[in-house]
Amino acid sequence: MKNLFRPLLCLILVFTTTLLVSCGSPTKAKIPTVYTPEKIAQLQEYRIPIAEAREQMSTLKEFIDTENWVNTRTFIHGPLGELRQNMAIVARKLLPKDQKPAQQVAKELFGHFERIDAAAKQRNSISAKNEYSEAIKDFDAYLNLVPSNS
Ligand code: ZN
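To keep things clear, this report deals only with the structure shown in the data block.

What counts and how
- Residues numbered from 1 in each chain as written.
- Predicted model: local features only at pLDDT ≥ 70, side-chain atom pairs only at ≥ 80, totals over all residues.
- Heavy atoms only, no water.
- Buried < 20%, exposed > 50% of the residue type's maximum accessible area, 1.4 Å probe, protein only.
- Helix = DSSP H or I, 4+ residues; strand = E, 2+ residues; numbered from the N terminus.
- Arc of directions from axis to C-beta.
- Contact = heavy atoms within 4.5 Å.
- Donors = N, O, S within 2.8 Å, 3.2 Å for Na, K, Ca; no water.

1. Considering helix H3 (residues 69-77)
For H3, the full list of buried residues reads Trp69, Thr72, Phe75 and Ile76. All buried residues of H3 lie within an arc of 125° about the axis, which places them on one face of the element. Opposite the packed face of H3, turned more than 90 degrees from it, sit the exposed residues Val70, Thr74 and His77. For H3, the elements touching its buried residues are helix H2 (37-65), helix H4 (80-93), helix H5 (96-121) and helix H6 (125-145).

2. A look at unusual backbone geometry
Not every positive phi belongs to a glycine, and Glu67 is a case in point at roughly 55°. Of note, Glu67 is situated in the loop between H2 and H3.

3. Quick look at the coordination of the zinc ion
Coordination of the zinc ion by the protein is provided by Glu108 (OE), His112 (NE2) and Asp138 (OD), with metal-donor distances spanning 2.1 to 2.2 Å. Here the donor residues of the zinc ion share one chain and are spaced in sequence as E-x3-H-x25-D. Of this pair, His112 sits in helix H5 while Asp138 sits in helix H6, placing them 26 residues apart in sequence. For the pair shown, His112 and Asp138 are each scored as buried.

And the structure:
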């Protein structure tokens, strides 16, 4: 249901944006510095699955703590694929001043995931735990950049 709805919503948003752009004067384009309630509502669609992925990080922690390396790697290669995509989409929709920091912190986060994966491959518990706590810091930093209406 959600997957069917999303492309339609995107289409509506594209259409609305096109209308707004064609009505406004292109020479006087103002750079937004605050989030409007409409913008926040629009961002929620993508923020929700990201926040859910943040909650699922406790599952990853459990796998690392119990040295379940197979599940650690499966987790990183599975549910996190969509997260990367959602984070990239949201970063582009943030205020101009927040776009670069969000992209940077998302990039760092996935660097930690890659190193957790490498640590799991080597059964290196210390490295996996260290990268996990760094990943959490970046994940929270990212979420702090995204406004929420909840
Ligand atoms: Zn980091």
